[in-house]
Amino acid sequence: MKEFDLIDALAGSEPLFANGLALGIGDDCAVIDGDDLDWLVTTDAIVEGIHFDLSWTDFYLLGRKALSVNLSDIAAMGGAPRFYLATISVPSEYNPHGMIEFYRGMKDVAKVYNAVMIGGDTTASKSGLWISITAIGQSPHGKAITRGGARVGDSIFVSGSLGDAALALGILKNGQEPEGGIKEKFLNPSPKVELGKWLLSTGLVTSMIDISDGLLQDLGHIASRSGVGFEIWAGDIPQTAQFIRTCDEMGFDPFRLSLSGGEDYELLFTAPQNFSRDFAGAFCKEIREIGKIVEDKNTRTVLGRDGKILEFSVGGFDHFGG
Ligand code: ADP
Ligand code: MG
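Only a predicted model underlies this, so the values are computations on that prediction, with no experimental measurement involved.

A closer look at the site of ligand 1
In the vicinity of ligand 1, the residues found are F4, I7, A11, I25, G26, D27, D28, D44, D73, R147 and S212. Within the backbone of D27, a nitrogen or oxygen atom sits 3.2 Å from an oxygen atom of ligand 1. D28 is positioned such that a nitrogen or oxygen atom in its side chain is 2.9 Å from an oxygen atom of ligand 1. Considering only residue class, the shell around ligand 1 consists of four nonpolar, two polar and five charged.

Quick look at the structure:
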């Protein structure tokens, strides 16, 4: 069973809306009604041997990443982080100093984004380190940007560059050492909180998600929730020069990594076509138009530079490998 089929089976019958609940299961955060500001709530776990390997990273960076990936889900709604809770299950043989470093990492990230720790839980673990974080944020009432608002004719935009994190993971799995910038994107990603808030403030963004499982899979979530299809232009997908050079030198397929590789934690959003022209301001260098929303729900197409359809067998990262 695939990860998303399991989530559907477990949680699919829960109401999407209820008294006080503006948006339930299925988006980057749940949204709870407030007065001027609504509450955004999200939780993400990271597990040793699945999401991280302590021979690649250290406890400090792990703490940073654990909180950052949660704040990324708040950024994906256009929200501002406020609070977080951290639950850790720690094998008895671990030196407590490691967890102190882990918390130092979390607190350094929290300081940058004005998030305050308000609780958590601590237990033993029989195998491996297990960490679950719940983050809470806020967004202007009724304005959180969901995955469900993309409209036919909208352009598709993405921030930053794609594929670096998946490339770093591939290189580390081969027992080699990725170069600085590429390794940094994988081990120490930064949540795009300021960009997300700015995008919300424009009032023009119709849908948004953060890229955790790969561009095609995460755009697939926007398409499913919005009831639309999409067309992506492979030649416009942002890739850094270092990424392209390293892929070439080490024999990785840059398009496969950029389209299907996970953990970039960039923002992927839709907005009317003239968005990039009208808002060629503050964040223009950070965002790139990469495709458009189409009416046919079954269209999930990647076009090459020659306009021909590229075939991809890998949809993105699935935790159950289904
Ligand atoms: P993200 O990648 O943004 O963290 P996920 O794909 O993990 O989002 O989750 C999609 C939706 O499914 C979210 O609303 C999340 O809260 C919900 N979800 C995931 N796992 C479970 C679960 N075991 N029980 C209930 N809801 C879940
Ligand atoms: Mg997300």
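Here's the deal with the packing of aromatic side chains
Under the criterion given, the structure shown has seven aromatic pairs. Cluster of aromatic residues (ring-pair linked, three or more members): F157, W198, F269 and F275.

Let's talk about the packing of helix α4 (residues 164–173) against helix α5 (residues 180–187)
Packed helices, taken two at a time, are described by the angle their axes make and the gap between the axes. Between α4 and α5, the least distance of the axes is 8 Å, while the angle of their chain directions is 100°. Considering their axes alone, α4 and α5 lie roughly perpendicular with respect to each other. Packed against α4, whose contacting residues are D164, A165, L167, A168, L169 and L172, the element α5 presents I182, K183, K185 and F186 at the interface. Of the residues in the contact of α4 with α5, the class split is seven nonpolar, no polar and three charged.

Regarding the sheet that holds strand β12 (residues 300–303)
Read from one edge of the open sheet, seven strands run β8-β10-β7-β11-β9-β12-β13, paired in mixed fashion. Unpaired on one side and paired on the other, β8 (207–210) and β13 (309–310) mark the two borders of the sheet. Both strand β7 (residues 155–159) and strand β11 (residues 287–294) contribute to a ladder of five bridges, which runs antiparallel. Opposite V158, over in β11, you have R288 as the bridge partner. Helix α7 (residues 215–226) contacts β7, β8, β9 (229–233), β10 (267–271), β11 and β12 of the sheet and is inclined by roughly 145° relative to β8.

Some remarks on the nonpolar core
In terms of nonpolar packing, the biggest core is built from 47 residues, with I131, L199 and F275 touching the most fellow members. Of all the secondary-structure elements, those providing two or more residues to this core are β3 (37–47), α2 (59–75), β4 (80–91), α3 (96–112), β6 (130–140), α6 (193–202) and β10. Grouped together as the second largest cluster of nonpolar side chains are 21 residues, I209, F230, L259 and I290 included.

How each quantity is defined
Residues numbered from 1 in each chain as written. Chains lettered and ligands numbered in written order. Predicted model: local features only at pLDDT ≥ 70, side-chain atom pairs only at ≥ 80, totals over all residues. Heavy atoms only, no water. Near = heavy atom within 4 Å. Polar contact = N/O pair within 3.5 Å; in protein donor to acceptor, adjacent residues only side chain to side chain. Nonpolar A, V, L, I, M, F, W, Y, C, P; charged D, E, K, R; others polar. Phe/Tyr/Trp six-rings, centres within 6.5 Å; stacked < 30°, edge-to-face > 60°. Axes fitted to C-alpha atoms, helices over the stretch in contact; angles between N-to-C directions. Helix = DSSP H or I, 4+ residues; strand = E, 2+ residues; numbered from the N terminus. Parallel < 35°, antiparallel > 145°, perpendicular 65-115°, else oblique. Contact = heavy atoms within 4.5 Å. Pairing = 2+ DSSP bridges. Core = buried A, V, L, I, M, F, W, Y, C linked by side-chain atoms within 4.5 Å. Buried < 20%, exposed > 50% of the residue type's maximum accessible area, 1.4 Å probe, protein only.

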